2 protein chains.
Amino acid sequence: MHILITGGAGFLGAKLARQLLARGKLIDSSGQPKAISNITLFDRVAAQGFNDARVTIRVGDVADFETMQRVLTPEVQSVFHLAAIVSGEAESDFDLGMRINFDATRQLLEIARSNGNCPRIVFASSVAVFGGDLPLQVLDSTAVTPVGSYGAQKAMAELLITDFSRKGFIDGRAIRVPTVSVRPGLPNKAASSFASGIIREPLNRMPAICPVAPDTRVWLTSPRSALFNLVHAHEIDGQLLGPSRALNLPGLATTVQEMVNALGRVAGEQTVSYIRWQEDLAISRLIRSWPGNFLSTRADALGFVRDQNFDDVVRAYMDEEMTSTV
Amino acid sequence: MHILITGGAGFLGAKLARQLLARGKLIDSSGQPKAISNITLFDRVAAQGFNDARVTIRVGDVADFETMQRVLTPEVQSVFHLAAIVSGEAESDFDLGMRINFDATRQLLEIARSNGNCPRIVFASSVAVFGGDLPLQVLDSTAVTPVGSYGAQKAMAELLITDFSRKGFIDGRAIRVPTVSVRPGLPNKAASSFASGIIREPLNRMPAICPVAPDTRVWLTSPRSALFNLVHAHEIDGQLLGPSRALNLPGLATTVQEMVNALGRVAGEQTVSYIRWQEDLAISRLIRSWPGNFLSTRADALGFVRDQNFDDVVRAYMDEEMTSTV
């Protein structure tokens, strides 16, 4: 079984690859687990730290047609399409966001279609497809109303994935991933970057700026739950998704203040003093437009998972990502 | 004031042009009525029957960049973008639908953006953006879930129009036009073509085939209401639309049987005998996936109109379109 992961040098892509290598198998369209023979990690920089004969590292532009034709060959039965321009950058550079988040996705779908093998394609969409005047809990039937270019581009790609799947060109699954926290590594240009930074930096005795108010509501997933859900999205029967291949994932509904409280409980109150509250209106506007709570009925019924509390998420970050605990 | 109408040789486009010429004025971004100095009617065939110095007839491919750059110049402050591949054809020729319904729309928006004058753009979207498992009444907050390529392409274009408007590139309005009945002229490749044919053909003593069951629910607009709403969509302040520039229009909720009953009442029972009921599963599937009823709260509050009963719609067709009444 050949698998392609775009954004394969990124944090989630690399973790996903490690998990797949460790599992060794993945359920395909036969409904049976198949041995994973090849994983191609594609990204604009080379994925690091892989030493496994099953892994191929490829570097290039995900929006370049010839490059992607060489990467997404008819042998590839499974694609995890994670490559994206994050929310903050898609907002400041509209054309770059269109090119990567929409055009490159469309092109990938077209290559898959021309390959004629109806691959399973898991697309990392986002809660940012929702915005504006929202109910207290977003339902599966709630209209998509993005108020940022990132969300608009993801929503357009979702529509394509549903229609390509309906036509039998691909077997797609577009999962709306909640804000991932705690991400390891460095801050990025996502508006939601702070949601990891305010936990990660204090745990590493570094200062962190929180650009949103403490009462800001967020819908979170730990990396562990996000990874489980990415793999699960691949393994379920796509027909179970019904007419729309887009799916609101389960998450943890909390506030930024509650996240900081959890940090204090788990790592000690002195840790919290590394956080400086300094509102950034551009970030705050985007974050507040995203929903803070969902009733994820469809995804719950399909076996997707959520985190139960943020204290455990902080502990998991410390266990998995820190060489020495605080 | 310069106006561009794409699909200007089509039934709605040509009627819209005549109405605008008769009015002579249109409210623009100043909030004041401005004299209409130029109307460009663009289509793949030449619009016929115009003899007015204000009208320019242009013929070409709406998806061709250089053509559209010559048509949508910085002098154009208003665009009615009606050109489309209809539902049945977009379903049977996926690539043609993408090219015209999505790519050409995107290109038009990009040209408008580069013109730098933030034109008002009225986009004819469709109730076909909805499908699948729908509530009995579609609300303004109901999720868009197209189950046809036409609806998917329109929904993607709506998202672009909203985002281009939010960014200040254009001032767009995407109105989801109900099924238009009674259209004059010949049948077309729209799945909904029958909704005019079963009235028009019998009135002209011609046989008509109805490809859907009598209890099929439909959401209708007369040409007259559709034209009022197109002009109204241009004249309202775009900010009133809120975060999404897409709008469910008011319509008349009825069934195909009730339409036929109205025909019999207005034109005589013998007229009904011209209709032959012969279900076409491809058409029926698409039509049944579309919603038959809406609660169009936003549009009602903004002053968009609906027809009160189908008997009047049949009478209006006879008055306006038939040289001799039956």
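This one's a predicted model, so the numbers in the text were calculated from it and none came from an experiment.

Here we take up the relation of the copies chain A and chain B. Overlaying chain A on chain B yields an RMSD of 0.0 Å, the required transformation being a rotation through 180° with an accompanying axial translation of 0.0 Å. Look at the turn and shift together and you get a two-fold axis relating the two. Taking C-alpha positions as reference, the residue of chain A nearest the rotation axis is Ala143 of chain A, located at 1.7 Å. The fraction of interface residues of chain A whose copies in chain B are also interface residues reaches 100%, indicating that both copies meet through the same surface.

All names here are of chain A. Among the 7 residues in strand 8 (residues 171-177), 7 count as buried, and that is most of the element. Sheet analysis places strand 7 (residues 120-126) next to strand 8, joined by 7 bridges and oriented parallel. Each bridged residue has a counterpart across the sheet, and for Ala124 the counterpart in strand 8 is Ile175. Relative to strand 12 (residues 246-248), strand 8 is paired through 3 bridges, and the arrangement is parallel. In the strand pairing of strand 12, Ala174 is matched with Ala246.

Residues and elements named next belong to chain A. Spatially, 9-11-13 is the arrangement adopted by the 3 strands of the open sheet, whose pairing is mixed. The outermost strands of the open sheet, each flanked by one partner alone, are strand 9 (179-180) and strand 13 (252-255). Here 2 bridges tie strand 9 to strand 11 (residues 217-221), and the two strands are oriented parallel to one another. Opposite Thr179, over in strand 11, you have Leu220 as the bridge partner. Sheet strands touched by helix 8 (residues 256-267): strand 11 and strand 13. Its angle to strand 13, the strand with the most contacts, is close to 90°.

Residues and elements named next belong to chain A. Annotation of chain A at the domain level lists domain 1 (2-178 + 222-248) and domain 2 (191-218 + 252-293 + 308-321). Contacts between domain 1 and domain 2 engage 16 residues on the former and 9 residues on the latter. Among the elements that make up the side of domain 1 that touches domain 2, the one with the highest residue count is helix 3 (residues 87-92) (3 residues). Looking at the side of domain 1 that touches domain 2, its residues break down into 7 nonpolar, 7 polar and 2 charged.

In this section: helix 5 (residues 149-166) of chain B. Residues and elements named next belong to chain B. With 18 residues, helix 5 extends 26 Å from end C-alpha to end C-alpha; this agrees with the ideal 26 Å at 1.5 Å per step. Among the 18 residues of helix 5, 17 are classified as buried, and the element is accordingly described as predominantly covered. One or two steps after helix 5, the chain reaches Gly168, where phi turns positive at roughly 80°.

A cis amide bond, omega 15°, links Ser181 of chain A with the succeeding residue Val182 of chain A. By the element assignment, Val182 of chain A lies in the loop between strand 9 and helix 6 (194-203). The residue Arg205 of chain A is not glycine, and still its phi comes out positive at about 55°. Positioned with a positive phi, Cys118 of chain B is a non-glycine residue whose angle comes to about 45°.

How each quantity is defined
Residues numbered from 1 in each chain as written. Chains lettered and ligands numbered in written order. Predicted model: local features only at pLDDT ≥ 70, side-chain atom pairs only at ≥ 80, totals over all residues. Least-squares fit on C-alpha atoms with pLDDT ≥ 70 in both. Contact = placed C-beta atoms within 7 Å. Buried ≥ 20, exposed ≤ 12 C-beta atoms within 10 Å, placed from the backbone. Helix = DSSP H or I, 4+ residues; strand = E, 2+ residues; numbered from the N terminus. Pairing = 2+ DSSP bridges. Axes fitted to C-alpha atoms, helices over the stretch in contact; angles between N-to-C directions. Domains from an automatic or database assignment. Nonpolar A, V, L, I, M, F, W, Y, C, P; charged D, E, K, R; others polar. Expected span 1.5 Å × (residues − 1).

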